[in-house]
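Structural description and commentary
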Amino acid sequence: MVDGKTKIYGIIGNPVSHSLSPAMHNAAFAALAENRIYLPFPVEDVQAALAGLKALHICGVSVTIPHKETVIPSLDRIDPVALKIGAVNTIDIRTEEGARILCGSNTDWLGANRALESQIGLSQARVVLLGAGGSARAIGFGLREAGAGLVLCSRSEPKGRALAAELGCPWFPLSGLASLEGDVLVNATSVGMSPRLDASPVPAAILPAYQVVMDIVYAPLQTTLLREAEQAGCRTINGLEMLLYQGVAQFELWTGLSAPVEVMRRALLKCTGGDLS
Ligand code: NDP
């Protein structure tokens, strides 16, 4: 029950009505009987919103499109990996010496790494990462943090080469995938997303070369890429896992508690219409 002591969290973005984070975080708070609540905040004026969060003693927020970059100049602190990525998806709002301060970090890369580490150690892994958009950027810097070997492949050459240069890794066009070797393939493009359910970013013939295939697309959960990877004998990770573990990292940062991971996974599965079988 909400009362005068309830700690308030939320998500800022535009739109936020589709977000799965309220269901995931509120399920976790309820499971641990924590007097905390997580709300959607549609935000257009990000500077005004950040001042409001401080003034209203909101304890923390997730940040989503289009504000992941625009919040940065208004933060009091930013974690070094988020700074390299150039995007913040989490703000922790603390009181220090009587002042309210906004501390930004990025848990998208933590979510991707933790999802991958459930299947393979990253420090020795050779990872082929598909895409050069916002998610590929966060995942790429995260894989570098973990010490993984990295090759970036994308459709757009200038964008792909620029990101690969920042990541200090080679770039290949998607058409050059067949010539690459790796242990892990990560799809960070939007190919395979509903309604183009039959699309895959890679030909099925290249999949047997990989031990692990992760698709970050989560609508649908079982993409064509993952179905073909399973048929090729690869271990697969669906897009719900990155979403889950970026939320787990947020929960643990905000509360200092161990997150109820299974409760959070079930909440996400319920929202996405998935099942646990
Ligand atoms: P962006 O728009 O920033 O990037 C999309 C990327 O997909 C670009 O590199 C783009 O290539 C590439 N792409 C799009 N269409 C094609 C195509 N036909 N062939 C080859 N490449 C293509 O999106 P995000 O990085 O934010 O998101 C990507 C996907 O990840 C989305 O489906 C999103 O829902 C999902 N996602 C999942 C998360 C999770 O936690 N599981 C978190 C965030 C996103 P180009 O650069 O050439 O335009």
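Residues numbered from 1 in each chain as written. Predicted model: local features only at pLDDT ≥ 70, side-chain atom pairs only at ≥ 80, totals over all residues. Heavy atoms only, no water.

Examining the sheet that holds strand β11 (residues 212-215)
What links the strands of a sheet is backbone hydrogen bonding, and the strands pair in either a parallel or an antiparallel sense. Note the threshold: Strands qualify as paired when DSSP identifies two bridges or more between them. Helical segments are the DSSP runs of H or I of at least four residues, strand segments are the runs of E of at least two, and each set is numbered from the N terminus. With axes taken as lines fitted to C-alpha atoms, and helix axes fitted only over the stretch in contact, angles between N-to-C directions fall between 0 and 180 degrees. Whether two residues are in contact is decided by their heavy atoms, any of which lying within 4.5 Å being enough.
The strand order across the open sheet formed by six strands is β9-β8-β7-β10-β11-β12, and the pairing between neighbours is parallel. Looking at the sheet topology across the chains shown, the edges are occupied by β9 (171-173) and β12 (235-237). Within this sheet the neighbouring strands show an average axis-to-axis angle of 20°, counted without direction. Where strand β7 (residues 126-130) lies against strand β10 (residues 184-187), four bridges are found, and the strand directions are parallel. Bridging from a neighbouring strand, L129 pairs with V186 of β10. Its contacts with the sheet place helix α4 (residues 108-117) against β10, β11 and β12, and it is angled at close to 145° to β11.

A closer look at the nonpolar core
Under the convention used in this document: To form a nonpolar core, buried Ala, Val, Leu, Ile, Met, Phe, Trp, Tyr and Cys residues must be joined to one another through side-chain atoms within 4.5 Å. Each residue is placed in one exposure class: buried if its accessible area under a 1.4 Å probe, protein chains only, is under 20% of its type's maximum, exposed if it is over 50%, and partly exposed if it falls in between.
Counting residues in hydrophobic clusters, the biggest one holds 56 residues, and the most contacted among them are L116, I139 and V186. Ignoring any residue separated from it by four or fewer positions in sequence, one finds L116 in contact with L122, L143, V184, V186, V212, M214 and I237.

Some remarks on the site of the ligand
Operational definition: Throughout, the term near means that a residue has one or more heavy atoms lying within 4 Å of the molecule or strand in question. Whenever two N or O atoms come within 3.5 Å, that pair is a polar contact, provided that in protein one can donate a hydrogen and the other can accept it, and provided that, for residues adjacent in sequence, both atoms are side-chain atoms. Reported accessibility uses the Shrake-Rupley method at a 1.4 Å probe radius. Residues are deemed covered only where the shown protein chains occlude them.
As a matter of local geometry, the ligand sits amid 20 residues, with A132, G134, S135, I216 and G239 nearest to it. The contact in question runs from an oxygen atom of the ligand to an N or O atom on the backbone of G134, over 2.9 Å. Within the contact set of the ligand, an oxygen atom lies 3.0 Å away from a side-chain nitrogen or oxygen of R155. In isolation the ligand offers 920 Å² of accessible surface; the protein chains occlude 73% of this area. Secondary-structure elements contributing two or more residues to the shell around the ligand are α5 (134-145) and α8 (239-255). Broken down by element, the shell around the ligand gets its largest block of residues, three residues, from α8.

A look at the layout of surface pockets
Stated formally: A 1.4 Å probe that fits but cannot get out identifies a cavity on a 1 Å grid over protein atoms alone, an open set with protein on both sides within 12 Å along at least five of seven lines counts as a pocket, and a residue lines either if it has an atom within 4 Å of a point. Grid points are joined across faces, edges and corners, and a volume is the space filled by probe spheres set on the points. Polar here means any residue other than Ala, Val, Leu, Ile, Met, Phe, Trp, Tyr, Cys and Pro, which are nonpolar, and Asp, Glu, Lys and Arg, which are charged; Gly is therefore polar. What marks off one domain from the next here is an automatic or database domain assignment.
Of the pockets and cavities examined, the largest pocket occupies roughly 1500 Å³. Residue lining of the largest pocket: 49 residues in total, with I65, G134, S135, I216 and Y218 positioned closest to the centre. Sorting the residues of the lining of the largest pocket by element identifies α1 (21-31), β3 (60-63), α5 and α8 as the ones contributing at least two each. For the lining of the largest pocket, the class distribution of residues is 24 nonpolar, 19 polar and six charged. Built from parts of two domains, the lining of the largest pocket gets at least three residues from each of domain 1 (7-106 + 241-272) and domain 2 (109-237).

With respect to the domain arrangement of the protein
What counts here: Here the buried area means the combined drop in accessible surface, using a 1.4 Å probe, for two parts upon being joined, counting both sides. Salt bridges are defined as contacts in which a side-chain nitrogen from Lys or Arg sits within 4 Å of a carboxyl oxygen from Asp or Glu.
In terms of domains, the protein is made up of domain 1 (7-106 + 241-272) and domain 2 (109-237). On a C-alpha basis, the centres of domain 1 and domain 2 stand 26 Å from each other. Summed over both partners, the interface of domain 1 with domain 2 buries about 1400 Å², with 71% contributed by carbon and sulfur atoms. Taken as a group, I85, M242 and Y245 account for 40% of the area that domain 1 buries against domain 2, more than any other trio of residues on that side. The tally of links between domain 1 and domain 2 comes to one salt bridge. Close ionic contact of E145 with K84 constitutes a salt bridge, the shortest N to O distance being 3.0 Å. One can count four residue pairs in polar contact (both at pLDDT 80 or more) joining domain 1 with domain 2. The set of elements that each furnish at least two residues to the side of domain 1 that touches domain 2 consists of α3 (80-85), α8 and α9 (261-272). When residues of the side of domain 1 that touches domain 2 are assigned to their parent elements, the largest contribution, eight residues, is made by α8. Tallied by class, the residues present in the side of domain 1 that touches domain 2 amount to ten nonpolar, three polar and three charged.

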